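Summary of the model geometry
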Amino acid sequence: KNIRKFPRPVVALGVFDGVHRGHRSILKAAVRRARSIKGRSVVLTFWPHPRGQESLYSLEHRLRLIKELGVDVCIVISFNKRFAKISAAQFIKNILFKKIGATEICVGNNFRFGRNVEGGVNTLKKFSTIYNYRLKIFNIIREHNKPISSTYIRALIKKGNLRAAKRLLSRPVAVLGTVIAGMRLGKKLGFPTANIDPHHEVIPPKGIYAVFVILEGKKFYGTCYIGTKPTLNPVDKKLRIEASIFNLNKNIYGKYLEIQFIEKIREDKKFSSLTALAKQIELDNLKARHLLSLP
């Protein structure tokens, strides 16, 4: 109901979970084309994932990444049972044509849509003459003969293969979360940390990482701990994510942080005492500074 018509909309159509290299080629093409015809680049996406898959990124994170590419408008369709019953023909007629007035559509050649996923690029081609839109179809990008997909990238992140995942994403593996109150132990040890409540994200394996931290558009450096704190809570198995941000001394509770994982420093392990843990944290920070090319 809230969608209004935009001038000469170039629509990038897809789930775009992960905004990986393949997705970025579609989104960037839509932005370029819209600018060249003095129109608007419009992303039409869905949440939650239409196939019920685990998402690589939360919706908030995905929207941030889409925005970074210069997209003008992002329309998020709530994918529920009612919407799932809409036929491919109805989707094209009522949403792409009547609601948005798409002049051009950019889509991956594996995109499926409509009731019982009956529609695909051939359906879009068939209706393009009826509703007078231009269609640009993008082939799946492959690497080492494997299609770049969010499913494959999720598996790489879970295995801890950050370099391969980064290559397919065209940026570091990252987690978006809200800063929450923690046990304040890091502060007592002399290394204050920001406890992160991750949004709907895929988390790398346990360990300590050298990271970039994006806070309110600014880039900071630091370390990130992912683990169950075995030195303090050998019984508690709750996974915790804590970022130690270098050169930041202010209250950031409730703020959104994006943690970009650059390289793993070591595995999580139990220490004999808090003193031993504090010494190791100091070494971790030195290693992180070296990995991040800091003085």
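In this report, we go over the structure that sits alongside the text.

Cut-offs used in this document
- Residues numbered from 1 in each chain as written.
- Predicted model: local features only at pLDDT ≥ 70, side-chain atom pairs only at ≥ 80, totals over all residues.
- Heavy atoms only, no water.
- Helix = DSSP H or I, 4+ residues; strand = E, 2+ residues; numbered from the N terminus.
- Buried < 20%, exposed > 50% of the residue type's maximum accessible area, 1.4 Å probe, protein only.
- Contact = heavy atoms within 4.5 Å.
- Areas by Shrake-Rupley, 256 points an atom, 1.4 Å probe, with all protein chains shown as cover.
- Pairing = 2+ DSSP bridges.
- Axes fitted to C-alpha atoms, helices over the stretch in contact; angles between N-to-C directions.
- Disulfide = S-S within 2.5 Å.
- Lys, Arg positive; Asp, Glu negative; His and termini not counted.
- Salt bridge = Lys/Arg side-chain N within 4 Å of Asp/Glu carboxyl O.
- Patch = residues over 30% accessible without salt bridge, like charges linked within 9 Å, V, L, I, M, F, W, Y side chains within 5 Å.
- Charge placed at Lys NZ, Arg CZ, Asp CG, Glu CD.
- Parallel < 35°, antiparallel > 145°, perpendicular 65-115°, else oblique.
- Left-handed = near helix turned anticlockwise from the far one by under 90°.
- Nonpolar A, V, L, I, M, F, W, Y, C, P; charged D, E, K, R; others polar.

Along the protein, the regular secondary structure elements total 9 helices and 13 strands. If one aligns the C-alpha atoms of the protein with their principal axes, the spans along those axes are about 75 × 40 × 35 Å. Among the 295 residues that make up the protein, the fraction classed as buried is 50%. Taking the contacts inside the protein whose residues are at least 6 apart along the sequence as the reference set, 72% of them involve residues at least 24 apart. Of the roughly 15,500 Å² of accessible surface on the protein, a fraction of 51% belongs to carbon and sulfur atoms.

It is worth spelling out the sheet that holds strand β11 (residues 218-227) at this point. With respect to topology, 6 strands assemble into a closed barrel ordered β8-β9-β12-β11-β10-β13, the strand pairing being antiparallel. With strand direction ignored, the average angle separating the axes of adjacent strands in the sheet is 45°. In terms of strand pairing, strand β10 (residues 207-215) meets β11 through 9 bridges, oriented antiparallel. The residue bridging Leu215 from the neighbouring strand is Lys218, located in β11.

Attention shifts here to the sheet that holds strand β1 (residues 9-13). Ordered by their spatial adjacency, 5 strands build an open sheet running β3-β2-β1-β4-β5, and the pairing between neighbours is parallel. Strands at the two margins of the open sheet, each flanked by one partner only, are β3 (73-78) and β5 (134-138). Looking at each pair of strands side by side, their axes are set apart by 20° on average, direction ignored. Of the pairings in the sheet, the one linking strand β2 (residues 40-47) to β3 comprises 6 bridges and is parallel in character. Within the sheet, the bridge partner assigned to Thr45 lies in β3 and is Val76. Relative to β2, helix α2 (residues 59-68) is tilted by about 165°, and along the sheet it contacts β2 and β3. Sitting on the sheet, helix α5 (residues 121-131) is in contact with β1, β4 (104-108) and β5, with an inclination near 160° to β5.

Another aspect to go through is the state of the cysteines. Per the stated rule, a full pass over the model turns up 0 disulfides. Take Cys74: it sits in no disulfide, and the sulfur closest to it among the cysteines is that of Cys106, at 14 Å.

Below, the discussion takes up the side chain of Arg24. Within the element layout of this structure, Arg24 appears in helix α1 (residues 21-36). No salt bridge is formed by the buried Arg24; the nearest opposite charge belongs to Glu68, separated by 5.7 Å. Beyond its immediate chain neighbours, meaning those up to four positions away, Arg24 contacts Val19, Leu69, Leu169, Ser170 and Arg171.

Right, let's get into a positive patch on the surface. On the surface, Arg4, Arg8, Lys38 and Arg40 cluster together into a positively charged patch. Structurally, the position occupied by Lys38 is in the loop between α1 and β2.

Looking now at the packing of helix α6 (residues 150-159) against helix α7 (residues 162-169). Where α6 meets α7, the closest approach of the two axes is 8 Å, and the angle between their N-to-C directions is 150°. Between α6 and α7, the angle falls in the class roughly antiparallel. In the crossing of α6 with α7, the sense of the turn from one axis to the other is left-handed. Where α6 approaches α7, its residues Tyr152, Ile153, Leu156 and Ile157 are matched on the opposing element by Ala164, Ala165, Leu168 and Leu169. Partitioning the contact of α6 with α7 into residue classes produces 8 nonpolar, no polar and no charged.

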